[in-house]
Amino acid sequence: MTDLDSDVQEFRSYVARWVDERLIPQAEALDHAGEFPFELFRELGELGYFGAMYPESVGGSGMKSPYTAVTVLCEELARGSMGFAAGVCMQASTATHTLFHWGSPKLHELYLAPALRGEKIGAFAITEPNAGSDAASLRTKATKVDGGWLLNGTKIFTTNGTVADFITVVASQQPGSGAKALDLFVVDTKTKGFSVGRKLDKFSIHCSDTAELVLQDVFVPDDHRLAAGEEGGSFKNAYKSLTIDRIFTAALALGTGRAAYDAALQYAKERSQFGQPIGKFQAVQFKLVDMYAKLEQARLYTYHAAALADADKPITTEAAIAKIVAGDGCNEVCQKALSIFGGYGLMNEYPVQRFLRDSYFPMVGGGTSDVMRLLVARQLGF
Ligand SMILES: Cc1cc2nc3c(=O)[nH]c(=O)nc-3n(C[C@H](O)[C@H](O)[C@H](O)COP(=O)(O)OP(=O)(O)OC[C@H]3O[C@@H](n4cnc5c(N)ncnc54)[C@H](O)[C@@H]3O)c2cc1C
């Protein structure tokens, strides 16, 4: 285990206790209901956990290692429910990070501070039906008008999309001309012309809210454009937030992988066949050892990347590798856990099937594992 600052260790113990007492007992019911868990979400806001990454000056916790703190938050919550953790991760990082760095004091007051208190819900929308991995090819158009901008387009897979009070929307001044024409606009979801196309039904992370959004002549005032004045700078900046977010997605994988491993280890000691616990069979032990090793790799890479982010060092390669190692590795851990449970692994009364379903999300969210490999390959000079 990587050494963590004492305040982060203390933070972990608080979050872990909340997860054991509040989240785990409800996790199955939340998954079945498939609804956004407003009550638990607000509770985290009251506890101040959404502010783990931010200084006290904007209503945050002022932690010494803010990125490591959010990594801990995501890992611990995903041990209980990755669906819940995904919505929190959006609120505590991507949806608020760009606002914190490039939003005006007015935007901080309107959206950031209430979001950190859990009173407003945030989202970040870049992906479109025809622009996923190739996000810079997005078609949502920002047209300059008197006093602001008009946004037109459709977004898909937006986490927290149907419940959000504000959404940072990535749009292009000239669709078709790539990343340099992209800008970030903070859209209040009460604005005329904004609507939820549909809530999306998923195989995985059921209680995470995922939406298709429609923007039809949505007016965004000039001061709601992030990093206004820096032409083409808006997206370049957002890219830093999206890169950091990969570390948190790796942490989600790690948390759910841990839950699957713990459940399988316990089951291997309790379940008997051929007159002895199945854990006495070397084949089962080897699976558990491989799972343990995958989790250790995931933990080391993820916290290494978080420590680099806290030290303000480059993280493009490290965050991508962390997401590959933790995302793909924890999916393998969950597959092995399911096999250790035999037929019971397929039964909804055991959470291991949920862990496996949920483990597919970190291999896609924030960029697929292969797109992460592409980023690392670029760093290798290809
Ligand atoms: C549950 C969920 C929540 C999400 N939340 C958000 C959110 O809040 N906000 C947001 O903006 N987006 C969100 N996303 C979108 C997510 O970031 C995209 O799904 C992801 O980037 C992949 O895009 P795509 O689904 O269009 O797949 P595609 O880009 O169509 O990829 C399909 C396949 O092709 C492969 N591929 C594509 N290009 C290459 C390449 N150059 N080289 C090799 N292989 C390639 C991919 O690896 C993949 O296997 C979410 C997605 C999910 C599933």
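A. Examining the overall build of the chain more closely. Scanning the chain from terminus to terminus reveals 10 helices and 9 strands. On C-alpha atoms alone, the chain measures out to a radius of gyration of 21 Å, which is about the 21 Å that the 2.2 N^0.38 rule sets for 382 residues. Judged by the C-alpha coordinates and their principal axes, the chain covers about 80 × 45 × 40 Å. Taking the contacts inside the chain whose residues are at least 6 apart along the sequence as the reference set, 74% of them involve residues at least 24 apart.

B. Geometry of the site of the ligand. Near the ligand, the surroundings consist of 19 residues, among which Thr-127, Ser-133, Phe-157, Thr-159 and Thr-368 are the closest. Thr-127 is positioned such that a nitrogen or oxygen atom in its side chain is 2.7 Å from a nitrogen atom of the ligand. Contact with the protein chains covers 63% of the free accessible surface of the ligand, which is 970 Å². Counting only elements with at least two residues in the shell around the ligand, the list comes to strand 1 (122-125), strand 3 (148-159) and helix 10 (369-379). For the shell around the ligand, the element with the most residues is strand 3, which contributes 3 residues. Partitioning the shell around the ligand into residue classes produces 9 nonpolar, 8 polar and 2 charged.

C. View of the pattern of salt bridges. Within the structure shown, the criterion is met by 22 salt bridges. Between Glu-76 and Arg-258 there is a salt bridge; the shortest N-O distance is 3.0 Å. With a gap of 182 residues between them, Glu-76 in helix 3 (residues 66-80) and Arg-258 in helix 6 (residues 233-270) connect regions that are remote in the sequence. Look at Arg-258 and you get buried, because its relative accessible area is 19%. Residue Arg-373 pairs with Asp-370 through a salt bridge whose shortest N-O separation is 2.9 Å. Placement of the pair is Arg-373 and Asp-370 together in helix 10, with a separation of 3 residues, close to one helical turn. In this structure Arg-373 comes out as partly exposed when scored by relative accessible area, which is 36%. Here the salt bridges do not stand alone but share partners, grouping Arg-12, Asp-20, Glu-75, Glu-76, Arg-79 and Arg-258 into one network.

D. Region of interest: the environment of Glu-21. Considering the arrangement of structural elements, one finds Glu-21 in helix 1 (residues 6-33). Along the backbone, Glu-21 and Leu-215 are 194 residues apart, and their C-alpha atoms lie at a distance of 40 Å.

E. How the structure looks around the nonpolar core. Residues Phe-11, Leu-77, Phe-84, Phe-248 and Ile-340 are the most contacted members of the largest nonpolar core, which totals 102 residues. The element that contributes the greatest number of residues to this core is helix 6, accounting for 18 residues. Apart from the residues within four sequence positions on either side, Ile-340 is in contact with Ala-264, Tyr-267, Ala-268, Ile-278, Val-284, Lys-287, Leu-288 and Met-291. Within the second largest apolar cluster, 17 residues are counted, among which are Ala-142, Trp-149, Ala-211 and Val-220.

F. Structural view of the domain arrangement of the chain. Per the domain assignment, the segments making up the chain are domain 1 (6-116), domain 2 (122-232) and domain 3 (234-379). The gap between the C-alpha centroids of domain 1 and domain 2 is 23 Å. At the junction of the two partners, domain 1 supplies 27 residues and domain 2 supplies 21 residues. Together, the buried faces of domain 1 and domain 2 total about 2,000 Å²; carbon and sulfur atoms form 65% of this surface. When residues of domain 1 are sorted by the area they lose upon contact with domain 2, Phe-36, Met-90 and Tyr-111 head the list and together hold 27% of the total. Linking domain 1 with domain 2 are 2 salt bridges, by the criterion used here. Between the two partners, domain 1 and domain 2, sit 6 residue pairs in polar contact (both at pLDDT 80 or more). Within the residue set of the side of domain 1 that touches domain 2, elements represented by two or more residues are helix 1, helix 4 (82-102) and helix 5 (105-116). Of the residues forming the side of domain 1 that touches domain 2, the biggest block, 12 residues, is contributed by helix 4. For the side of domain 1 that touches domain 2, the residue count by class is 15 nonpolar, 9 polar and 3 charged.

G. The arrangement of the state of the cysteines in detail. One pass over the structure, following the stated rule, counts 0 disulfides. Cys-207 takes part in no disulfide bond, and the closest cysteine sulfur to it belongs to Cys-89, at a distance of 14 Å. The buried category is assigned to Cys-207, whose relative accessible area is 3%. Cys-330 forms no disulfide, and the closest cysteine sulfur to it belongs to Cys-334, at a distance of 6.7 Å.

H. How the structure looks around the packing of aromatic side chains. All chains considered together, the criterion is met by 15 aromatic pairs. Summarising the aromatic geometry, the rings of Tyr-111 and Phe-166 are spaced 5.1 Å apart at their centres and angled 45° between planes, so their arrangement reads as tilted. Separated by 55 residues along the polypeptide, Tyr-111 in helix 5 and Phe-166 in strand 4 (residues 166-172) bring together distant segments of the chain. Take Tyr-111: its relative accessible area is 3%, and that puts it in the buried class. Given the relative accessible area of 0%, Phe-166 is considered buried. Note that Lys-144 overlies the ring of Trp-149, its terminal NZ or CZ placed 5.3 Å from the centroid.

Rules of the game
The written sequence of each chain sets the order in which its residues are numbered from 1. Only residues with pLDDT of 70 or above have their local features reported here, since the model is predicted, and side-chain atom pairs are shown and tallied only from 80 upward, although totals for entire chains, interfaces and linings are computed over all residues. Computation of side-chain values covers all heavy atoms of the structure but excludes hydrogens and water. Secondary structure is summarised from DSSP: a helix means a run of H or I of at least four residues, a strand means a run of E of at least two, and numbering begins at the N terminus for each. Taken over C-alpha atoms, the radius of gyration is set against a globule rule of 2.2 Å times the number of residues to the power 0.38. Every residue pair with non-hydrogen atoms within 4.5 Å of one another is taken to be in contact. One heavy atom suffices: a residue is near a molecule or strand as soon as one of its heavy atoms comes within 4 Å of it. N or O atoms within 3.5 Å of each other form a polar contact, as long as, within protein, one can give a hydrogen and the other can take it, and as long as residues adjacent in sequence are counted only when both atoms are side-chain atoms. For accessible areas, the Shrake-Rupley method is used with a probe of radius 1.4 Å. Any residue's cover is judged against the shown protein chains and nothing else. Throughout this entry, Asp, Glu, Lys and Arg are counted as charged residues, while Ala, Val, Leu, Ile, Met, Phe, Trp, Tyr, Cys and Pro are counted as nonpolar. The remaining residues, Gly among them, count as polar. Criterion for a salt bridge: a side-chain nitrogen of Lys or Arg within 4 Å of a carboxyl oxygen of Asp or Glu. When a residue's accessible area, from a 1.4 Å probe over protein chains only, is under 20% of the maximum for its type it is buried; when over 50% it is exposed; and in between it is partly exposed. For the purposes of this section, nonpolar cores are sets of buried Ala, Val, Leu, Ile, Met, Phe, Trp, Tyr and Cys residues that join through side-chain atoms within 4.5 Å. Where a domain begins and ends is set by an automatic assignment or by a domain database. Buried area is calculated as the accessible area (1.4 Å probe) missing from two parts once they are joined, with the contributions of both summed. Criterion for a disulfide: a pair of cysteine sulfur atoms within 2.5 Å. Classification of ring pairs uses Phe, Tyr and Trp, with its six-membered ring standing for Trp, and accepts pairs whose centres are within 6.5 Å; under 30 degrees between planes counts as stacked, over 60 as edge-to-face, and the remaining range as tilted. The rule for a charge over a ring is simple: NZ of Lys or CZ of Arg within 6 Å of the ring centre, and within 35 degrees of the ring normal.

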